[in-house]
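# Chains, contacts and geometry: an overview
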Amino acid sequence: MKTRTIAYVAPKKVDVREVNVADPADDQIQVRKIACGICAWDLSTYKYGPDNPYAAPPGHEGLGQILKVGKDVTGMKEGDFVCAGGFQEVENCSAKHSVKIPYEVKDPMTWIVEPITCVVNGIERAQIFPGERVVLVGAGYMGLLMVQGLSHHLCGELIALDTNPKRLEMAKKFGAHQTFQIGKDDAQIEKLVDQKADVVIELAGAQPALDLSVRMIRNGGNLCIFSWQRGPRTFDCNALHCRGINVLNTAPANAPNYDRVFKNALPLIARGVFKNHELVSHTASIEHYPELLETAMTPEKGYLKGVVKYA
């Protein structure tokens, strides 16, 4: 069978290619894609090219239906919805590393599960106790998913900071108790710095966000580095030692059992805790994936989350 996939070939150069797909191996399932989310990792790979040491694979937020099942695969059948694979339209995937969705899939945009799993893992690793003040520094796509999740947590206060007023409006809609715009509400933000927070989750991936997060955390509080801070960063180790700050890595690679966390995300989506469909700002077919990437690199176009959709 012939199908299409993408390949990152150079900085800001992506090809859509035709490839052959054989029958699945004994331990594989063959999946026809319905949708695949575009991660910030994809955007970084598009920007810097496939030869950078942290290049992304060709997609990893796939949602599809099973076409064929290998003879050794149990618990899955033709027609099941699964989270598996990347941008390739029809793809043979390891059954072991695919997750069946045991719920009705009405809106594919709701079931882009992988980023939600990252947020569920981040909340778990953040060690938030009931009644604590939690501040999110950054209210982009992942920050807004974090607001959605933590709005169902026993936070004493849930506060979101960002430079973008539209994203802060969304954060308020999704359950943030207070929002403050960096660069506009700096006086109120300085009051927060004085008052301190029990838990600060850094979601912006920039040095100024890290600096603000360190200033805002209380003595003995949890500073959670959720974003991918790319490359060298500076950190005030005096604050780390003298104020007893706990620096927590909430990245997926830090999950003790990511498969468990992935499956735990599914009932939360089914219950409506996470509303991913309200965060998808742009969609495109696979042949228009390169143009969508270029849109994502242009902030004035209002990009928040992109998804490749398949007919």
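Rules of the game
Residues numbered from 1 in each chain as written. Predicted model: local features only at pLDDT ≥ 70, side-chain atom pairs only at ≥ 80, totals over all residues. Heavy atoms only, no water. Axes fitted to C-alpha atoms, helices over the stretch in contact; angles between N-to-C directions. Helix = DSSP H or I, 4+ residues; strand = E, 2+ residues; numbered from the N terminus. Parallel < 35°, antiparallel > 145°, perpendicular 65-115°, else oblique. Contact = heavy atoms within 4.5 Å. Nonpolar A, V, L, I, M, F, W, Y, C, P; charged D, E, K, R; others polar. Buried < 20%, exposed > 50% of the residue type's maximum accessible area, 1.4 Å probe, protein only. Core = buried A, V, L, I, M, F, W, Y, C linked by side-chain atoms within 4.5 Å. Polar contact = N/O pair within 3.5 Å; in protein donor to acceptor, adjacent residues only side chain to side chain. Pairing = 2+ DSSP bridges.

### Describing the packing of helix α1 (residues 40–48) against helix α9 (residues 289–296)
Packing of α1 against α9 brings their axes to within 10 Å, and their N-to-C directions diverge by 95°. Between α1 and α9, the interaxial angle falls into the category roughly perpendicular. Contact residues: α1 offers D42, L43 and Y46, while α9 offers Y289, P290, L293, E294 and A296. Looking at the contact of α1 with α9 residue by residue, the class counts come to six nonpolar, no polar and two charged.

### Describing unusual backbone geometry
The backbone of K12 sits at a positive phi, close to 60°, despite the residue not being glycine. Within the secondary structure, K12 is located in the loop between β1 (2–10) and β2 (13–20). A relative accessible area of 47% means that K12 is categorised as partly exposed. Even without glycine at this site, K196 takes up a positive phi of about 70°. Mapped onto the elements, K196 comes out in the loop between α5 (186–195) and β11 (197–202).

### As for the nonpolar core
A general trend in soluble globular proteins is that nonpolar side chains are found buried together. Counting 45 residues, the largest nonpolar core has V134, L136, M146, L150 and I201 as its most contacted members. Elements represented by at least two residues in this core include exactly α2 (113–126), β8 (133–137), α3 (141–150), β9 (157–162), α4 (165–174), β11 and α8 (258–270). Ranked by residues supplied to this core, first place goes to α2 with seven residues. Those residues in contact with I201, other than ones at most four positions away along the chain, are A126, V134, V135, L136, V137, M146, L150, C224 and F226. The next biggest cluster of nonpolar side chains, apart from the first, holds 20 residues, and it includes I189, A209, I225 and I245.

### Quick notes on α3
Within α3, nine of the 10 residues are buried, leaving the element largely enclosed by the surrounding structure. Those residues of α3 that sit buried are Y141, G143, L144, L145, M146, V147, Q148, G149 and L150. Buried residues in α3 make contact with α2, β8, β9, α4 and β11.

### Comments concerning the side chain of Q207
You can see Q207 is positioned in helix α6 (residues 207–216). Engagement of the side chain of Q207 in a polar contact is seen with the backbone oxygen of T234, the distance being 3.1 Å. With residues up to four places along the chain from it excluded, the contact list for Q207 reads Q229, R233 and T234.

### Re the environment of C242
Note on placement: C242 falls in helix α7 (residues 237–242). Each C-alpha atom of the pair C242 and N219 lies 8.4 Å from the other, and the pair is 23 residues apart in sequence.

### Some remarks on the pairing of β2
In this structure, β1 lies alongside β2, joined through eight bridges in antiparallel fashion. Counterpart to Y8 in the pairing with β2 is V14. Where β1 hands over to β2, the hairpin turn is made up of two residues, of which K12 adopts a positive phi near 60°.

### Here's the deal with the environment of P208
Among the secondary structure elements, P208 is positioned in helix α6. Here P208 falls in the exposed class, since its relative accessible area comes to 59%. Sequence separation of P208 and V137 is 71 residues, and the distance between their C-alpha atoms is 10.0 Å.

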